[in-house]
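# Notes for the structure review
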Amino acid sequence: MITLCPTSYEIASKRSNFSKEIRKYLMNAETIDNLREEIEYLEKELQAREELIDDIIDGKKVWVENKGWVKNMYDEVKE
């Protein structure tokens, strides 16, 4: 049971099945929050990978067997 102000009551009364829409929204709210967190995580991962690619292209990172991409310790970048 919820209480609506006069404005929200007017809006709700124009909907064909307002209660169903609210139930559906509430049931999906947790899923939506989880998706937002996943999107934020993926955006951070994408940014980190883009930075790594830029560093590789600029010669700031080099591949070392059994260690992966590491900071290039040499002053000169191999052409």
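So, how was this worked out
Residues numbered from 1 in each chain as written. Predicted model: local features only at pLDDT ≥ 70, side-chain atom pairs only at ≥ 80, totals over all residues. Heavy atoms only, no water. Helix = DSSP H or I, 4+ residues; strand = E, 2+ residues; numbered from the N terminus. Rg over C-alpha atoms; globule rule 2.2 N^0.38 Å. Buried < 20%, exposed > 50% of the residue type's maximum accessible area, 1.4 Å probe, protein only. Lys, Arg positive; Asp, Glu negative; His and termini not counted. Charge placed at Lys NZ, Arg CZ, Asp CG, Glu CD. Patch = residues over 30% accessible without salt bridge, like charges linked within 9 Å, V, L, I, M, F, W, Y side chains within 5 Å. Areas by Shrake-Rupley, 256 points an atom, 1.4 Å probe, with all protein chains shown as cover. Salt bridge = Lys/Arg side-chain N within 4 Å of Asp/Glu carboxyl O. Pairing = 2+ DSSP bridges. Phe/Tyr/Trp six-rings, centres within 6.5 Å; stacked < 30°, edge-to-face > 60°. Expected span 1.5 Å × (residues − 1). Bend = angle between axes of the 7 residues up to and from the residue.

### As for the overall build of the chain
Within the chain, the secondary structure is distributed over two helices and two strands. Going from the N terminus to the C terminus, the chain shows its helices and strands as α-α-β-β. Relative to the compact-globule value of 12 Å for 79 residues, the chain shows a C-alpha radius of gyration of 26 Å, a clear excess of over 25%. When its C-alpha atoms are laid out on the principal axes, the chain stretches across 70 × 25 × 20 Å. Counting across all 79 residues of the chain, residues that qualify as buried make up 5%. Looking at charge distribution, the chain has the averaged site of its 13 positive side-chain charges lying 8 Å from that of its 18 negative ones.

### Overview of a nonpolar patch on the surface
Side chains of Ile22, Tyr25, Leu26 and Ile32 sit close together on the surface and give an oily, nonpolar patch of about 380 Å² of accessible area. Position of Leu26 relative to the elements: it lies in helix α2 (residues 18–57).

### Brief notes about a negative patch on the surface
A surface patch of like charges, here negative, comprises Glu50, Glu51, Asp54 and Asp58. Looking at the element boundaries, Glu50 is found in helix α2. By relative accessible area, Glu50 is classed as partly exposed at 42%.

### A closer look at the pairing of strand β2 (residues 68–71)
Strand direction decides the pairing type here: strand β1 (residues 61–64) and β2, joined by four bridges, are antiparallel. For Val62, the partnering residue across the bridge sits in β2 and is Val70.

### Remarks on the pattern of salt bridges
Using the criterion set out here, one finds three salt bridges in the structure. Note that Glu21 is salt-bridged to Arg15, the shortest N-O span being 3.1 Å. The partly exposed category is assigned to Arg15, whose relative accessible area is 44%. The partner of Arg36 in a salt bridge is Asp33, and the shortest N-O contact between them spans 3.2 Å. You can see Arg36 and its partner Asp33 sitting in helix α2, three residues apart, about one turn around the helix. For Asp33, a relative accessible area of 40% puts it in the partly exposed group.

### As for the packing of aromatic side chains
In the structure shown here, the tally under the stated rule is one aromatic pair. Centre to centre, the rings of Trp63 and Trp69 are 5.5 Å apart; their planes meet at 70°, and the pair counts as edge-to-face.

### Here's the deal with α2
Between the first and last C-alpha of α2 there are 55 Å, a value that for 40 residues agrees with the 58 Å anticipated at 1.5 Å per step. Of all the bends in α2, the largest measures some 40° and sits at Ala29.

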